[in-house]
Amino acid sequence: MDGANFSVTSLLIVSLLALLVPLLVSRLRGLRVPIVVGEILIGIVVGKSGFDIIHQSQWLSFLQFFGLSYLMFVSGLEIDFGALRLRRTAGQSSLKAWLQSAPVFATFACAVTFGLAYLLSTALYHQHMVKSPLLFALIITTTSLTVVVPVLKEYNLLSSEFGQLILAAAVFADFVTMSLISVAVSLFKGGFSPRVFLVFILLVILLVFYRVARRFARFNLLSGLADGTAQLGIRASLALMIVFMVLSQTLGVQVILGTFLAGVLVGLVNDKERSDIRNKLDAIGFGFLIPIFFIMVGVNFNVRSLFGDPKALLLLPILFIATYLFKALPALLLRLRYPWRETLSGASLLTTQMSVTVAAASVGLQIGAIRQGVDTAIILVAMLTSVISPVLFGRLFRPSVDSDVRSCAVVGNMPGANLLVEHIRAHGDGCAWMMDYPEENVDWSSVRAMAAYGEDDAKNIAIASSAAAAGVRPALCLIRDLSTFHQYQNTENLVPINPQLATVTLIDQLLHYPISTQLLQAPANLQIREIELTNRAFHRVTLMNINLPGNLLILSVVRDGVQVVAHGNTELLVGDTLIVVGSPDDISDFAQIA
């Protein structure tokens, strides 16, 4: 420790504050304040703008730097590229449906926000209010996944189409801005040069590591070292983060981009164990390193620099208005699919800023691209949005069908409806049960499939037709009258069911094919599921060369709407829908790797 400026007292104070903040924030029941905002605020109280009892040291500076790097690492872990996948749905060929897709919405929202932000940044540059228009525009474009994801989880929206659109926009904005921040820094430090393209070398290295890791993941030789004192997955993840830190420094790229990409890589190659590894890595980061970074941001927050810099003070309201205006405008594209309340709630949530914003501002301050007063304004706006936007979302958002998002819905109270709901939930699917017919139009945006199972045929048809028109597939409706059933039998997007005919058909199947038909009546320990193949590792691989979990069996393959009989030499293609039968655990394991 000789020669090192090591303040044990300051570290002790910071550690105790990190312990107290969650306890204090949890007491604010009327106002939803993110913990990271509480950490910055408590840092302000004890820092330069408050009692000034924290003294910077080399060790605190190192922990702050490492906390920032680790924050970007876990931010990369949150990136789920599945949210950006173009999903084929009915009517996907139409322009309206194309615009509603997650990748198009995410790209549109990010591009429009960045374009408007760059125009404003250029104007501010000419007024000598900012030094790097590109970096400032990227800071406005950022969206905080660390706030967006918990809010979506709280409202059970992550698995809904609405939640996936919001998540996709946040993921795309964070990934693009993080990738371009290093470009902006390089341009600011030395102007345009071939070194700018060194950023993209990191992306190439990321792809190479991903390919190698996916191949290595097929071998289970080291699975016994995943837990206990070995914790091989955690050690490998942290080693990978350090590797990318070194690569970033070697290439002259910002370290935060390297650690961010390392987090992306760890998230990509740990499909099956992703949640377990992420929970452990989150515990390391949010339990120690990351709170130190945010508290030290508050400690170094100098409110006097804001009031002592007239241009920075003028920039504060401009930045606040621009953040909400530029990010909310493209989000209005949600109106093509959702009512105004949902549209505005989604737009408000996408204005949230925090982790990446503060990190980018810290980098800009270090290289001189941002003055301290401007840095203070950026952090203050980020804090305001991270408090105001989730509150606005909660006020505006109207839950669909139920207070929880559901993948299925059953409407009606016919005998057996409760049994149907129990069966759906036993298969691991969420299911909303509306025992009475709804008096108003239902928002079906969060419903994947539904069944109208009431006593009134006409109402069953009406509500199922409403769901089908909203894109719910399948939309089943119980029709007891045979003549009415035949009338709607060939109706597009509507699946009528007659109890008498369904019973006769089932008995006929049981008489001729007793074993296979009983699969349809299988208990919860045996299920039939449809799984869409998205993993390119299985592309053009024959069934005989795939090691299926447990006793899982692939019954058939549906390709471009045509059913293919599955045999050992059948080649799978990305986009195929696989009809599988097996235990819920085996199906779940296969769904994670498919």
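Residues numbered from 1 in each chain as written. Predicted model: local features only at pLDDT ≥ 70, side-chain atom pairs only at ≥ 80, totals over all residues. Heavy atoms only, no water.

## As for the overall build of the chain
Looking only at helices and strands, the chain features 23 helices and nine strands. Split into buried and exposed, the 594 residues of the chain put 47% on the buried side. By sequence separation, contacts in the chain at least 24 residues apart represent 73% of the contacts at least 6 residues apart. When the accessible surface of the chain is summed, it comes to about 28,500 Å², and 62% of that surface belongs to carbon and sulfur atoms. (Helix = DSSP H or I, 4+ residues; strand = E, 2+ residues; numbered from the N terminus. Buried < 20%, exposed > 50% of the residue type's maximum accessible area, 1.4 Å probe, protein only. Contact = heavy atoms within 4.5 Å. Areas by Shrake-Rupley, 256 points an atom, 1.4 Å probe, with all protein chains shown as cover.)

## A look at the sheet that holds strand β8 (residues 562–565)
Taken together, the four strands give an open sheet; going across it, the order is β6-β9-β7-β8, and neighbouring strands pair in antiparallel fashion. The sheet terminates laterally at β6 (527–532) and β8, the two strands that pair on one side only. The average undirected angle you get between the axes of adjacent strands in this sheet is 25 degrees. Across five bridges, strand β7 (residues 553–559) lies against strand β9 (residues 577–582) in antiparallel orientation. Looking at the pairing, V557 lines up with L578 of β9. (Pairing = 2+ DSSP bridges. Axes fitted to C-alpha atoms, helices over the stretch in contact; angles between N-to-C directions.)

## Quick word on the nonpolar core
Of all hydrophobic cores here, the largest spans 120 residues; its most connected members are F73, F136 and M354. Considering each element in turn, this core owes the most residues, 13 residues, to helix α8 (residues 161–190). Leaving out residues up to four positions away in the same chain, F136 has contacts with S121, L124, V130, L315, L319, V374 and I378. Membership of the second largest hydrophobic core comes to 19 residues, among which are V442, W444, A467 and V472. (Core = buried A, V, L, I, M, F, W, Y, C linked by side-chain atoms within 4.5 Å.)

## As for unusual backbone geometry
Following R473, the chain continues into P474 via a peptide bond in cis, with omega recorded as -5 degrees. Along the chain, P474 falls in the loop between α19 (457–469) and β4 (475–478). In this model, D52 sits at a positive phi of 55 degrees, which is unusual for a non-glycine residue. Mapped onto the elements, D52 comes out in the loop between α2 (35–46) and α3 (58–77). Positive phi, normally seen in glycine, also occurs at H128, with a value near 60 degrees. By secondary structure assignment, the location of H128 is in the loop between α5 (102–126) and α6 (133–141).

## Overview of the side chain of T343
Considering the arrangement of structural elements, one finds T343 in helix α15 (residues 340–349). On the basis of relative accessible area, T343 is assigned to the buried category, the value being 0%. Dropping the residues within four chain positions of it, T343 is found in contact with A331, L332, L334, R335 and Y338.

## Structural notes on the environment of A359
Turning to its location among the elements, A359 is positioned in helix α16 (residues 355–367). As a C-alpha pair, A359 and I256 span 103 residues in sequence and 8.0 Å in three-dimensional space. Ignoring any residue separated from it by four or fewer positions in sequence, one finds A359 in contact with L68, M72 and I256.

## A few points about α5
Spanning 25 residues, α5 covers 36 Å between terminal C-alpha atoms, matching the ideal 36 Å at 1.5 Å per step. A positive backbone phi angle near 60 degrees is found at H128, which sits one or two residues after α5. (Expected span 1.5 Å × (residues − 1).)

## Points about the sheet that holds β4
Taken together, the five strands give an open sheet; going across it, the order is β2-β1-β3-β4-β5, and neighbouring strands pair in parallel fashion. For this open sheet the edge positions go to β2 (431–434) and β5 (495–497), each flanked by a neighbour on one side alone. The average undirected angle you get between the axes of adjacent strands in this sheet is 15 degrees. Where β4 lies against β5, three bridges are found, and the strand directions are parallel. Residue pairing in the sheet places L478 in a bridge with I497 of β5. Here α19 sits on the sheet and contacts β1 (408–411), β3 (449–452) and β4; the angle it forms with β4, its principal contact strand, is near 175 degrees.

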